[in-house]
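Working through the structure, step by step
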Amino acid sequence: MLSPLLRQCVSSPPCTASRARLFSTSVALQYNRKNNASTIRVPSKKAQAAKARRKALLAAKEDSRFLKLTLEDAIAVLRAVEVASPKSTYELTVKTSVGNGVAVPRGRVNLPREAKAKTEDKILVFAEGRIAEEAKKAGAHIVGGTELIDGILTNRIRATTILCTPALIRAITPKLGRFLGPLGLMPSERRGTVTEDIAGYIQKLHGSSEWRADRTGTIRAPIATMSFPVEDVANNFRQFLLSVKRATGNLKDSENTDRKSGGAKPVTPITRVLLSSSKGPGIRIEDY
């Protein structure tokens with residue numbers, strides 16, 4: 001059965017009074033541009049800082065729940081676990097907090113005592129003239145100019161390290177940037193692989209090995225074997241962490257500066273350091 005109001009609208013075609021009343025209270029007619037201010041609350045810098053502090057305190061509290069050992073105690077535990085496997089290796093894992101748009105950490109290290117035989121780097125150098133001759137004498141395997149680009153793109157020419165002079169970097173970047181960039185082989189001023197001192201850089205390569213984090217910012221490397229004395233394991237551990245701290249901006253020294261801006265490098269926080277072995281557990285280190 002129809003209500004009296006609905007029966008009235010059906011019986012009288014205009015029903016103007018009802019329509020006027022409905023439209024007069026609608027949102028569209030009450031919209032006012034002058035009052036169209038955003039109602040989204042933007043937190044102040046002080047509130048954001050307080051939130052960051054609370055988040056850091058919670059993270060620290062959660063982190064304190066996990067057992068941590070000193071480096072010497074961790075080595076002792078792993079040696080006990082691997083007592084029947086003297087050829088097992090100590091594996092170092094360093095977790096870093098890599099943000100969006102931040103390059104993953106990478107660097108080179110010369111351990112006091114190598115855990116395993118080094119693999120020889122195959123060095124390719126983009127250089128011409130005098131610098132090209134110096135690169136050949138220093139031990140570069142492949143030296144040339146832009147004629148090497150096609151061989152690299154077709155994988156006929158392969159190298160583990162690619163260096164370039166400032167004079168040729170603009171010529172090779174348009175064709176090789178997208179190809180070598182994802183592989184971590186594109187020469188870069190930030191990493192020092194675009195330089196006039198090619199011979200000096202090659203000398204550094206001969207006495208060191210490269211390490212690199214994965215996309216999540218995790219660095220993994222073997223640093224010693226179980227047959228090493230405890231002192232040698234500790235020295236390798238400290239030397240590797242020193243290299244990581246320099247590359248991530250956590251070491252404040254004269255070398256830790258940005259070549260382009262002349263200022264300090266952006267800091268990539270180190271969130272966790274673990275030492276493990278082939279069969280042993282991952283032990284968090286507290287004194288790194």
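Here the structure is shown first, and the text comes after it.
Every value quoted in this text rests on a predicted model; they were computed, and no experiment measured them.

Two numbers describe how helix α6 (residues 129–138) lies on helix α9 (residues 198–206): the axes approach to 8 Å, and their chain directions differ by 20°. The orientation of α6 with respect to α9, classified from their angle, is roughly parallel. Note that α6 runs across α9; the crossing there is right-handed. Between α6, through Ile131, Glu134, Ala135 and Ala138, and α9, the contact on the second element is made entirely by Ile198, Ala199, Ile202, Gln203 and His206. In terms of residue class, the contact of α6 with α9 is built from 6 nonpolar, 2 polar and 1 charged.

A surface patch of like charges, here positive, comprises Lys46, Lys51, Arg53, Arg54 and Lys55. With respect to the helices and strands, Arg53 occurs in helix α4 (residues 45–63). With a relative accessible area of 52%, Arg53 lands in the exposed category.

Take the sheet that holds strand β2 (residues 89–96) next. Pairing is mixed across the open sheet formed by 5 strands, whose spatial order is β1-β10-β9-β2-β8. The open sheet is flanked by β1 (68–69) and β8 (218–225), the only strands paired with a single partner. Relative to β8, β2 runs antiparallel, the two being bridged by 7 bridges. Across the sheet, Tyr90 pairs through a bridge with Ala224, a residue of β8. Relative to β8, helix α10 (residues 230–248) is tilted by about 155°, and along the sheet it contacts β2, β8, β9 (270–277) and β10 (283–285).

What follows deals with the pairing of strand β6 (residues 161–164). Here β6 shows no split at all, with Thr161 and Leu163 on one side and Ile162 and Cys164 on the other all buried. Summarising the sheet, strand β4 (residues 123–126) and β6 pair through 4 bridges and their orientation is parallel. Residue pairing in the sheet places Val125 in a bridge with Leu163 of β6.

This part is about the packing of helix α5 (residues 71–81) against α10. Two numbers describe how α5 lies on α10: the axes approach to 11 Å, and their chain directions differ by 125°. It follows that α5 is oblique to α10 by the angle criterion. Handedness of the crossing formed by α5 with α10: right-handed. The residues of α10 that touch α5, namely those facing Leu71, Glu72, Ile75 and Arg79, are Val230, Val233, Ala234, Phe237 and Arg238. Residue classes in the contact of α5 with α10 are distributed as 6 nonpolar, no polar and 3 charged.

With that out of the way, let us pick up the pattern of salt bridges. All chains considered together, the criterion is met by 5 salt bridges. The closest approach of N and O atoms between Arg113 and Asp232, which form a salt bridge, is 2.9 Å. Of this pair, Arg113 sits in the loop between β3 (106–109) and β4 while Asp232 sits in helix α10; the two residues are 119 residues apart in sequence, bridging distant segments of the chain. The partner of Arg130 in a salt bridge is Glu134, and the shortest N-O contact between them spans 2.8 Å. In this pair, Arg130 and Glu134 both sit in helix α6, 4 residues apart, roughly one turn of the helix. Looking at Arg130, the relative accessible area reads 57%, which means it is exposed. Here Glu134 falls in the partly exposed class, since its relative accessible area comes to 31%.

Reading the values: rules and limits
Residues numbered from 1 in each chain as written. Predicted model: local features only at pLDDT ≥ 70, side-chain atom pairs only at ≥ 80, totals over all residues. Heavy atoms only, no water. Axes fitted to C-alpha atoms, helices over the stretch in contact; angles between N-to-C directions. Helix = DSSP H or I, 4+ residues; strand = E, 2+ residues; numbered from the N terminus. Parallel < 35°, antiparallel > 145°, perpendicular 65-115°, else oblique. Left-handed = near helix turned anticlockwise from the far one by under 90°. Contact = heavy atoms within 4.5 Å. Nonpolar A, V, L, I, M, F, W, Y, C, P; charged D, E, K, R; others polar. Patch = residues over 30% accessible without salt bridge, like charges linked within 9 Å, V, L, I, M, F, W, Y side chains within 5 Å. Areas by Shrake-Rupley, 256 points an atom, 1.4 Å probe, with all protein chains shown as cover. Salt bridge = Lys/Arg side-chain N within 4 Å of Asp/Glu carboxyl O. Lys, Arg positive; Asp, Glu negative; His and termini not counted. Charge placed at Lys NZ, Arg CZ, Asp CG, Glu CD. Buried < 20%, exposed > 50% of the residue type's maximum accessible area, 1.4 Å probe, protein only. Pairing = 2+ DSSP bridges.

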